[in-house]
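Structural characterization, general
Below are the chains, spelled out letter by letter.
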Amino acid sequence: MTSRNTNPMAAVQKKRAVSTATRKRGTSSSKSPRAPKKKQEQPGRAMPTWVRNILAVTIVGCFSIAFYYFCIRPYAYRWKPCHGLKEYGVCIPNGYDIHGIDISHYQGKIDWNRLLQNKETATPLHFIFMKATEGGDHNDTTFEANFANARNHGFIRGAYHFYIPSTDALKQADFFIRTVKLTSGDLPPVLDVEVTGRKEKKELQQGIKRWLDRVESHYGVKPILYTSYKFKTRYLDDSIFNTYPYWIAHYYVDSVKYQGKWDFWQHTDVGSVPGIKEDVDLNVFNGSLEELKKLTIR
């Protein structure tokens, strides 16, 4: 019988070497870099050309309309042909001989000697209304000086009160009476009504009537009612208000659209009058100089 020569220690070392080599290959395999996955890009949603064009046209159109409405339309009369006489920077309405202005502290300091020269122009100024009071306790800071200067420089003068519906009408009337001392040759007192103060139509009318009655009782003459033709037809359409001399505010038109009787027409708020630095309201009287004088206080 033949015998096999074996060495136990060599077998153990061989096994360990194989195990170590296996682990190294595993480790080397696990550390091998992987190719990065490419991120799939989502296709962009580009705005269609026709939509972009429509949007651009819409924006330009809206801007053009707004520009015309706020910047061109109110002053379109500046480019209209003037069929009558152009004076004080505007086209003067045809058919009226008696012209005047109305002023307040907004016009600043007035050069009365230079203003007096406007009585010698093709459209001489004959009358001046001045703001005196507002609400129940607000004086116009220039009224006292302007009122005296108007008389001293030979203008027919008048004074007006700006009505605040939220303030008691009699308080406003008495405040105006204490402030304004009208004398012979002055125009009747004026009530300027432009806002509703969120009052109901009936309540607004009642307050205005109380002011008119109180002032008429004191001065002995019917006050002049000033307001725009739209305001009057909407809020003061009661026939009782037609008994008062009416001063209508209606700008940028060739003629008054109001169908009722009126005495004064404020036809622009951008007059340029020598002697006054700021723009000023221009007015015409619907009658002759003799008729204007008949309207004054005796």
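Please refer to the structure higher up on the page.
Residues numbered from 1 in each chain as written. Predicted model: local features only at pLDDT ≥ 70, side-chain atom pairs only at ≥ 80, totals over all residues. Heavy atoms only, no water.

As for the overall build of the protein chain
Keep this limit in mind: Numbering goes from the N terminus for both helices and strands, where a helix is a DSSP run of H or I of at least four residues and a strand is a run of E of at least two. Buried means the residue's accessible area, taken with a 1.4 Å probe over protein chains only, is under 20% of the maximum for its type, while exposed means over 50%, and partly exposed covers the values in between. Two residues form a contact once any of their heavy atoms are found within 4.5 Å. Only the protein chains shown count as cover for residues, with accessible areas throughout obtained via the Shrake-Rupley method and a probe of 1.4 Å.
When you go through the protein chain residue by residue, the secondary structure sums to eight helices and eleven strands. For the protein chain, with 298 residues in total, the buried portion stands at 39%. Long-range contacts, defined as pairs at least 24 residues apart, comprise 67% of the intrachain contacts of the protein chain with a sequence gap of at least 6. Summed over its atoms, the accessible surface of the protein chain is roughly 18900 Å², and 53% of this surface lies on carbon and sulfur atoms.

Remarks on the packing of helix H5 (residues 169-179) against helix H6 (residues 201-219)
Selection criterion: Here an axis means a line fitted to C-alpha atoms, over the contact stretch when the element is a helix, while the angle between two N-to-C directions is reported on a 0 to 180 degree scale. For classification, angles of less than 35 degrees are called roughly parallel, those exceeding 145 degrees roughly antiparallel, those between 65 and 115 degrees roughly perpendicular, and all remaining angles oblique. If you view the pair so one helix is near and one far, a crossing is left-handed when the near helix is turned anticlockwise from the far one by less than a right angle, and right-handed when it is turned clockwise. Polar here means any residue outside two lists: the nonpolar Ala, Val, Leu, Ile, Met, Phe, Trp, Tyr, Cys and Pro, and the charged Asp, Glu, Lys and Arg; Gly therefore counts as polar.
Between H5 and H6, the shortest axis-to-axis distance is 8 Å and the interhelical angle comes to 30 degrees. By the angle between their axes, H5 is roughly parallel relative to H6. In this structure, the crossing between H5 and H6 has a hand that is right-handed. Of H6, the residues touching H5 (which contributes Ala169, Leu170, Gln172, Ala173, Asp174, Phe176 and Ile177) are Gly207, Arg210, Trp211, Arg214, Val215, His218 and Tyr219. Of the residues assigned to the contact of H5 with H6, the class counts are eight nonpolar, three polar and three charged.

A short note on the packing of aromatic side chains
Convention followed: Only the six-membered ring of Trp is used, alongside the rings of Phe and Tyr, when aromatic pairs are assigned; centres must lie within 6.5 Å, and planes under 30 degrees apart are stacked while those over 60 apart are edge-to-face, with the rest tilted. The criterion for a charge sitting over a ring is simple: Lys NZ or Arg CZ within 6 Å of the ring centre, and within 35 degrees of the ring normal.
The full count for this structure, using the stated rule, is 18 aromatic pairs. A centroid spacing of 4.8 Å and a plane angle of 45 degrees characterise the contact between Phe231 and Tyr235, whose relative ring orientation is tilted. Here Tyr235 and Phe231 lie together in helix H7 (residues 229-235), a separation of four residues that amounts to about one turn. We classify Phe231 as buried; its relative accessible area is 8%. Residue class for Tyr235 comes out partly exposed when judged on its relative accessible area of 23%. For Arg157, the ring lying beneath its charged end belongs to Phe147, and the centroid distance is 3.7 Å. Above the face of the Tyr244 ring, Lys222 is positioned so that its terminal group lies 4.2 Å from the ring centre.

Let's talk about unusual backbone geometry
Although it is not a glycine, Arg198 sits at a positive phi angle of roughly 60 degrees. Position of Arg198 among the secondary structure elements: in the loop between strand E7 (190-192) and H6. Even without glycine at this site, Tyr252 takes up a positive phi of about 60 degrees. Its location among the elements puts Tyr252 in the loop between strand E9 (246-249) and strand E10 (264-271).

As for the state of the cysteines
Selection criterion: Working definition: a disulfide is two cysteine sulfur atoms within 2.5 Å of each other.
Inspection of the entire model under this criterion finds one disulfide. With its sulfur 2.2 Å from that of its partner, Cys82 forms a disulfide with Cys91. Sign of the S-S torsion, about 85 degrees for the bond between Cys82 and Cys91, identifies this disulfide as right-handed.

Re the pattern of salt bridges
Two side chains carrying opposite charge are able to pair once their charged atoms lie near each other. Our working rule: Each reported salt bridge corresponds to a side-chain nitrogen of Lys or Arg within 4 Å of a carboxyl oxygen of Asp or Glu.
Enumeration over the complete set of coordinates arrives at nine salt bridges. With a shortest N-O distance of 2.6 Å, Lys131 and Glu134 are connected by a salt bridge. The class of Glu134 is partly exposed, set by a relative accessible area of 23%. Its salt-bridge partner being Lys261, residue Asp263 comes within 3.2 Å of it at the nearest N-O pair. On the accessibility criterion, Lys261 (64% relative accessible area) is exposed. Through salt bridges with shared partners, one network takes in Arg151, Arg157 and Asp186.

So, helix H4 (residues 143-152)
For clarity, the threshold we go by: Along the arc lie the directions from the helix axis toward the C-beta atoms.
The set of residues buried in H4 consists of Phe143, Asn146, Phe147 and Ala150. Buried residues of H4, viewed axially, fall in a sector of 100 degrees; they line one side. Turned more than 90 degrees away from the buried face of H4 sit Glu144 and Asn152, all of them exposed. In the segment just after H4, Gly154 is the residue with positive phi, at about 80 degrees.

Side note on the pairing of E9
Which entries qualify depends on this criterion: In short, DSSP must find at least two bridges between two strands for them to pair. If the strands point away from the viewer and the path from the first strand over the helix to the second runs clockwise, then the crossover is right-handed.
Going residue by residue along E9, you find Tyr246 and Ile248 tucked away on one face and Trp247 and Ala249 tucked away on the opposite face as well. Across four bridges, the pairing between strand E8 (residues 224-228) and E9 is parallel. By the bridge assignment for E9, Ser228 is matched with Ala249. Considered for its hand, the β-α-β crossover made up of E8, H7 and E9 is right-handed. Both E9 and E10 contribute to a ladder of three bridges, which runs parallel. Note on E10: the bridge partner recorded for Trp247 is Phe264.

Overview of a nonpolar patch on the surface
The condition that has to hold: The residues that make up patches have over 30% relative accessible area and no salt bridge, and they are joined within 9 Å when like-charged or within 5 Å when they are Val, Leu, Ile, Met, Phe, Trp or Tyr.
The grouping of Met47, Leu55 and Ile59 at the surface amounts to a nonpolar patch, some 300 Å² of accessible area in total. Within the secondary structure, Met47 sits in the loop between helix H1 (8-30) and helix H2 (49-72). Since its relative accessible area comes to 43%, Met47 is described here as partly exposed.

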